[in-house]
Amino acid sequence: MEFITELKKCVQKNNKSNFEVFLAIDTGMGRIGFADVDAAIRSSKLEGIKIDGAFTHFSRADMTDAESVEFTKNQYKKFEKIVSKLKKEIKTPLVCHSANSAGVFKYPEFQMDMVRAGIVIYGLYPNPQDKRTYKGIKPVMEIKAFISHVKWVEEGQSIGYGAAFTASQKMRV
């Protein structure tokens, strides 16, 4: 709510009539968003703020155990419930999305209006132990390099930005 309030001030300061936003809804990821539907509804009533959509993020959609599957389903149910209340309050259509990379493949019924493919656009598995689910995924790039320099460093000598590595003994690098 604090962020939305500051956003409203920014809208007013810049003489904007409306600032179009998507509300983040925290259904279990724990990073960003409203966990409280009432606070989300209050934010939608602030002058200068126009809610165009809402999204959540699945925290365990890539996992295959029964508890994680149930957790993901419950995240979606919670999101649907909040979105339903928002739509009634706002009285305008909302563009909604919940499916991340794993959700795109494992939960097509949760795709809603859009999806947010992440790691799969690079051809990487959301869960490398579950390759069956992500058939056809291939890395889109590969990085190759040639060794350009070999040298000896003494014990205690640091290498790299911020001296990120310190040799524990005399070694060849």
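For the structure, see preceding data.
On a predicted model such as this, the values are computed, not experimentally measured, just so you know.

*Asks:* Outline the pattern of salt bridges, listing residues and values.
*Replies:* Within this structure, the stated rule accounts for 5 salt bridges. The partner of Asp52 in a salt bridge is Lys50, and the shortest N-O contact between them spans 2.4 Å. Of the charged contacts, one joins Glu142 and Lys144 as a salt bridge, the two residues approaching to 3.7 Å between their closest N and O atoms.

*Asks:* Account for the sheet that holds strand S1 (residues 19-24), naming residues and giving values.
*Replies:* The strand order across the open sheet formed by 3 strands is S1-S2-S3, and the pairing between neighbours is parallel. The open sheet has two edge strands with one neighbour each: S1 and strand S3 (95-97). Going across the sheet, the axis of each strand differs from the next one's by a mean of 30 degrees, ignoring polarity. Note: strand S2 (residues 49-55) against S3, 3 bridges, orientation parallel. Residue pairing for S3: Phe55 is matched across the bridge by His97.

*Asks:* Talk me through the side chain of Ser68; I want residue IDs and the actual numbers.
*Replies:* Note on placement: Ser68 falls in helix H3 (residues 66-90). At 3.1 Å, the side chain of Ser68 forms a polar contact with the side chain of Arg60. Side-chain polar atoms of Ser68 contact the side chain of Asp65, separated by 2.8 Å. Filtering out sequence-adjacent residues up to four positions away, Ser68 remains in contact with Arg60 and Met63.

What counts as what
Residues numbered from 1 in each chain as written. Predicted model: local features only at pLDDT ≥ 70, side-chain atom pairs only at ≥ 80, totals over all residues. Heavy atoms only, no water. Salt bridge = Lys/Arg side-chain N within 4 Å of Asp/Glu carboxyl O. Pairing = 2+ DSSP bridges. Helix = DSSP H or I, 4+ residues; strand = E, 2+ residues; numbered from the N terminus. Axes fitted to C-alpha atoms, helices over the stretch in contact; angles between N-to-C directions. Polar contact = N/O pair within 3.5 Å; in protein donor to acceptor, adjacent residues only side chain to side chain. Contact = heavy atoms within 4.5 Å.

In short, the description is geometric, and any link to function would need to be established separately.
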